[in-house]
Each structure stands twice: as structure tokens, then as C-alpha cells.
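# What the coordinates show
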Amino acid sequence: MTDTPIHRLGRFGSSWIVGLGRIANFAGGIVLAIVRPPWRVQRVVRAVYDAGVLSVALICGAGFAVGMVLGLQGYTTLVRFGAQESLGAVVGLVLIRELGPVVTGLLVIGRAGSATTAEIGAMVSTQQLDGLRMMSIDPMHFVVMPKALALAFVMPLLSSLFIVFGVFGGYVVGVELVGLDGGSYMASLENAVGFRDDVLQSLVKSAVFGALLGVIATYRGFTSPGNAMGVSRSTTSAVVTTSVWLLLADYVITAFWGV
Amino acid sequence: MKTSTAAVRDFVVGVFVLASLLAVAYLSASLGGLSYKGAGGFELVAIFDDIGGLSQRSPVKISGVKVGQVKAIQLDEDLRARVALDLDPSLELPIDSSASIRTAGLLGDQFVSLEPGAEDQLLGPGETFTYTESALSLDKLVGRLVHGDAFGDD
Amino acid sequence: MANVDSREAHVEIDSVRLGFGERDVFEDLSCRFARARITVLMGGSGTGKSTVLRMIAGLQRPDSGRVVVAGEDVAALSERGLQRVRRRLGMLFQDGALLDSMTVLENVGLPLREHTKLGEAEIRDAVHERLAAVGLHDVDELLPGELSGGMLRRVALARAIIMDPEIVLCDEPFSGLDPPNVERIEALFRELCHDRGLTLIVTSHHMASSLRMSDQIVLLQHGRAVLGDPGELATSGDADITDFLGADGAALARQIAREGHR
């Protein structure tokens, strides 16, 4: 095999495109599995519990902390321009448009995404997926689809919780600690935030992030080689790949939203 | 025993989904202003020479009370700013009412302030304000002071 | 070896070639597995014992050749056709391959819940019947993580036979088990084969138990298969076989042959 840097680049590029094609194919398989009965309600509920409910404390706590930091940083910056009355708008817009979906996304990747990849990878290495195939049960339908669907479903919900707790955290700092007027905090927030440009953009972002995570995390687990080393590599790769794609997608959505 | 743990899990998932949907609803309706849509629907138009920093969703106020918001801003044929206002339908504004662009505080957000007139005839949906006053921008104001015609008519 | 060959073959592997990457596992493998008998696949590690089972199960397709299971060539079947054949197969994986998020009851009853219209009570009864057959009671609510190695294998065996298959494939059922558990599983295999008439294909490198319980042995070496019962293997004179059995194995095989098959 010829081995110049150009050849290597070419091989890397073509194998990358092949990988992209495989993931797209896999994602199509998940969509097909979603629409194909039986509905696996119990499996999905279980996955929502694992990915969503178990992340609630983390998300709410992180949201509150981020909101408090934003409140403090925002206040010290705004007060220089005498615009501290706009603190609510600053905290709210930053949380809704960016930090809510992005930080929630990264936290869920780290918590639920990695767990999903590791769990499916372990099922591959302990032959649980082959066991399902032997019982004529499609692992895509029984294992992959509920987990991917749950990740895509809980992401906007968790992001909304994050934002609400963040706004509350900003309120605690701005109103209780610094002594701004609570009414003007909320008023500037309500005036600044719009549905289509801000809230809808936020929900669309987190839904896209959730879908990305659902597909990549399950794909990496599903294709992980059947040994402990392979599972840990797949898990790392799922976390890194999804984080990078999330940030790229964030920029693209923000740019196309035109704001 | 086993059924009850599964049932507890289902219940907790239900609570989680409900609470999160409440958060979504709060963001959309209360913060996002979706709920205000209910009171809108009465559209009036005001033409300005200069709208300053006015933008979509900027509030519309009468005597400081919010009665609606800016729905759209376009340039009309005469290259002036045509601002569509979405107002509370119960408003009764005489045809000689005026619209002006004001600033909340020295550096705050801009909003449209309406001044009711005295005529008996009322403005109907889609009609245009006859009298408008454009945004007063700080740099223009400073310019006038420097050139000593601060109190000259504009 | 003609007496073994003449029995009706339930599973037949014919001229199979299979390679992973550059390495050929089988160049030209042919062997037959008799109906209602216990066949043990033996061979050193890396000789592809598990791969043979995976090919029979349709989990691994050969590069060429035929794998005929109960009259159908699984190497040529679509995923749909495979599902039909797999209804007649049960498989006991090396570490049980039970779903670790589900209880024993849910695990064993899963095929019934997926493929039949039985109600919860009927499923529970069927599960209890199979669990009793493998000597387990009151384990319904345990998770696989809470079971010992021997119990895990037996639960997995109960799951493998829940749909009343004709053929049960067992991948290294004795690995990591202590002697009492090995004997218990051996006895279960004999019972399944002789009382229920199932065809058992077992991979094992556990020499003593393999020789004790097998009706026939398929010895995999250097990509080819040698078939025979323990006595025939001990007296074959083939260098490969003598090497594999070693002195102890050969002695045990001769003893088993002398005492008659059980």
C-alpha cells in the first residue's frame, strides 16, 4: 500500500465519509424502529427514567449555579453603564439562547450519553444483543430505539428546567443579594424574551442536540468491539464526537435562525 | 413488590415530564410572551422618519401602561419606517391621536408611546396615525447642544 | 466411525470457508451433528469452536459453503428466514447473556412475551416449569447480577428451552464453574437430550466432562473436524488427536469406552 501523507489523508477522508454513511444508515434504522410496532412504551419509560429523571438533580443544580454566576458577572458589568436594571434580560437571554441548551447538552452527554454507550457496549461484549437475536428480537428495536428516543425526548425538557433554575439563580443574586428591584428584573426579562427568536430557538437547539446524542451514543455502543478496552474507547469517542457536533450544530442553528 | 417498583418508576417519570413541560410552558407563555397574543389583534400603523433602536416586540404604552407591542417594521414607498402595532382590541383611540418613540430612562429600551387625541371619531383597524414623533437620539441631541440650536425647531 | 455418521444429521456443515481479515479460520470445514444426541465440539482455543456455534445460529455467515440446520441452509437465509429457523433453536451463551436490567422472571419469559399471546399468569407458569426443570425455585425477582455463576447458567438454560426448541447450542457451559456445578449441568444436558429428545451441540475445553457426557465428539484442529465417540478418538492413532487428548485424556476416553456409554 502506498503510504505518503496524501494517500493517508485520502484514506482518512474516505473512511470518514464511510463512517458518516453508516451513522446515517443507523439513524434511519432508529427512525424505522420508532414507527414499527410494538411500541415498547415500557422500555422507553425506563430509558426516560435513566436518562432524564436521574439527571434532574444535576441539571437543576447546575442551572441554579450558572444563573447565579451570570447574575453576578452581569451585574458587575452592567453597573458600569448604569444599566443594571437590564440584568434580567441579560441573564434570561444568555440562558435561553445559548447556555441552557449547550450546557445541558454537554452535561447530559457526560452523564446519560456515556452511560448509554457503555451499557450497549457491555451488552455487545457479554453477548446480550446476540442473545436477543437468538430469541428473534431485533436489538435495534428492543435496546437501541428506546434509548435514542429517550435521549432526544428528555433533552429539551432538561434544558427548560436548566433555564428556569438559572433565571431563578440570577434572581437570587440580583434581587436578594445585590438588591435590585425584583419587579424590574422580571420585567426586563419578559420584555427582552420573544417566543420565536428565543424560546423556540432554544427548544429546537436542544431537540437537535438530543437527537444527535441519541444517534451517536447508541451507534458507538452498538458498534463497539466486544471487549472492555473497546467499550471504554467507544464511550470516550461518543462523548468527544457528540460534544464537537453539538457545538458545530449550535453555531449552524444560531446562524440560520438569523439572529 | 416488583410491580410496585415499576409503578413508582412510571410515576416518577410522569412527574418529571409534567414538571419539565411546565418549565417549557413558563418559558413560552410567560417569558416568551405567547400569552400576550390573546389580547392583541387590533392593528394600527405609524410612520416615522427615524425609529432609533425600536425593534419587533418593543412595548407600546399609553401613559406608561403597556397596551401592545410592535408587530413589524418595514420601509414604505417613501423610504420611511412603517411600524405596525399590535394592540389591545378594547382600545378606543380618537383619529387625532399621536404616536412617538420614547426611551425608558437615559439609556434604556425604546418603546412607542401613544397620546390619545380629542376627536369623537375613532381610529379603525389598519388605519394610520396622522401625528408621529420620531426617536430622539442622544447623539443628535448632543450635536444640537454643540451647535447652539438646542431649542431651535426641528 | 461409520456408526456415528450413519445417524440422521440434524445440523450439517458442508465445505465452509471463513476468514477474519487476513486469517483463515476454516478453509474447508465439514461436519455433521446427529439428531437427539449430545455432540461436544472440542479443540484448543482459537480453533473456532464458538464460531461454529455462531454459524449454526446464523449470527456469523460463512464466506462460502452451506450450514444446514433442520433442512434449511442458514448461510443463505435472509434475516426473516433466520428468525423462522431460530424459533427451533435455543442458545446458551458463555456467560448466560441474560439482560442485566431485567429480573429472572422477565428474562426467561421474554421470548413468550414477545412471540406469543400468553397472559402474565400463563407466562409465569411456563417460566416456573422451565426453572424447575433446571432445579431452580424462588428466583423470580432476582437480577442476573445477584446470581452465582452456576445459577446464571441454569437460568440461561431455562431461557434457551422456554420456546421448546429442537436444537440447543451451548457455548462453554462449564467455564468458571466448580465441579458440583459442572456435574449438575452435565446431568441437565443428559436429561434434555435423553428425556426430551433435544439435539445438543456443546463447545467445551473441559476434557473430563466432555468425554463423560458426549455421544459424539467433534474435534476441531487446524481448520478441520474429526468426528468420533470417545473410544474411537482414543484409539484413532491420529497424531493431532493424541496430542490434544494427552495421556490423561486418552486414558479417560478408553475407560469410558470400556465401561460402555453410561
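Residues numbered from 1 in each chain as written. Chains lettered and ligands numbered in written order. Predicted model: local features only at pLDDT ≥ 70, side-chain atom pairs only at ≥ 80, totals over all residues. Heavy atoms only, no water.

In terms of helices and strands, chain C carries 10 helices and 10 strands. The C-alpha radius of gyration computed for chain C amounts to 18 Å, which stays within 12% of the reference 18 Å derived for 262 residues, consistent with globular compactness. Oriented by its inertia axes, the alpha-carbon framework of chain C measures out at about 55 × 40 × 35 Å. Burial status across chain C gives 53% buried among its 262 residues. Taking contacts inside chain C between residues at least 6 apart in sequence as the whole, the part at least 24 apart equals 66%. A gap of 3 Å separates the mean positions of the 30 positive and 41 negative side-chain charges of chain C. (Helix = DSSP H or I, 4+ residues; strand = E, 2+ residues; numbered from the N terminus. Rg over C-alpha atoms; globule rule 2.2 N^0.38 Å. Buried < 20%, exposed > 50% of the residue type's maximum accessible area, 1.4 Å probe, protein only. Contact = heavy atoms within 4.5 Å. Lys, Arg positive; Asp, Glu negative; His and termini not counted. Charge placed at Lys NZ, Arg CZ, Asp CG, Glu CD.)

Attention now moves to the pattern of salt bridges. Within the structure shown, the criterion is met by 28 salt bridges over all chains. In this structure, Arg196(A) and Asp197(A) form a salt bridge, with 2.7 Å as the shortest nitrogen-oxygen distance. Residues joined in a network through salt bridges with shared partners are Glu129(C), Arg130(C), Asp164(C) and Arg196(C). (Salt bridge = Lys/Arg side-chain N within 4 Å of Asp/Glu carboxyl O.)

The next point concerns the domain arrangement of chain C. How big an interface is tends to be stated in terms of the accessible area lost upon association of its parts. Residues and elements named next belong to chain C. Its domain assignment divides chain C into domain 1 (9-88 + 166-259) and domain 2 (99-164). Here the C-alpha centroids of domain 1 and domain 2 sit 26 Å apart. Summing the contributions of domain 1 and of domain 2, the shared interface buries around 1100 Å²; its carbon and sulfur component is 59%. Considering only the surface of domain 1 that becomes buried against domain 2, Arg87, Leu188 and Arg196 emerge as the three largest contributors, covering 40% of it. Where domain 1 packs against domain 2, one counts one salt bridge. The residue Arg196 makes a salt bridge to Glu129 at a minimum N-O spacing of 3.7 Å. Across the domain 1-domain 2 interface, the total number found is three residue pairs in polar contact (both at pLDDT 80 or more). Counting residues per element, the side of domain 1 that touches domain 2 draws most heavily on helix α7 (residues 179-196), at eight residues. A class-by-class count of the residues in the side of domain 1 that touches domain 2 yields nine nonpolar, two polar and six charged. (Domains from an automatic or database assignment. Buried area = accessible area lost by both parts, 1.4 Å probe. Polar contact = N/O pair within 3.5 Å; in protein donor to acceptor, adjacent residues only side chain to side chain. Nonpolar A, V, L, I, M, F, W, Y, C, P; charged D, E, K, R; others polar.)

Moving on to the side chain of Asp73(C). Residue and element names in this part refer to chain C. The topology assignment puts Asp73 in strand β5 (residues 72-73). The buried charged residue Asp73 lacks any salt bridge partner; its closest oppositely charged side chain belongs to Arg66, at an N-O distance of 5.1 Å. Side-chain polar atoms of Asp73 contact the backbone nitrogen of Val67, separated by 3.0 Å. Here the side chain of Asp73 touches Ala75 through a polar contact of 3.1 Å, landing on its backbone nitrogen. Here Asp73 is in contact with Arg66, Val67 and Val68, once residues within four sequence places are set aside.

All names here are of chain C. Across the sheet, four strands lie side by side as β2-β1-β4-β5; this open sheet has antiparallel pairing. Both outer strands of the open sheet, β2 (23-34) and β5, are each paired with one neighbouring strand and no more. Of the pairings in the sheet, the one linking strand β4 (residues 64-69) to β5 comprises two bridges and is antiparallel in character. Across the sheet, the residue bridging to Val69 is Glu72, located in β5. Along the sheet, helix α2 (residues 49-56) makes contact with β1 (9-20), β2 and β4, crossing β1 at roughly 115°. (Pairing = 2+ DSSP bridges. Axes fitted to C-alpha atoms, helices over the stretch in contact; angles between N-to-C directions.)

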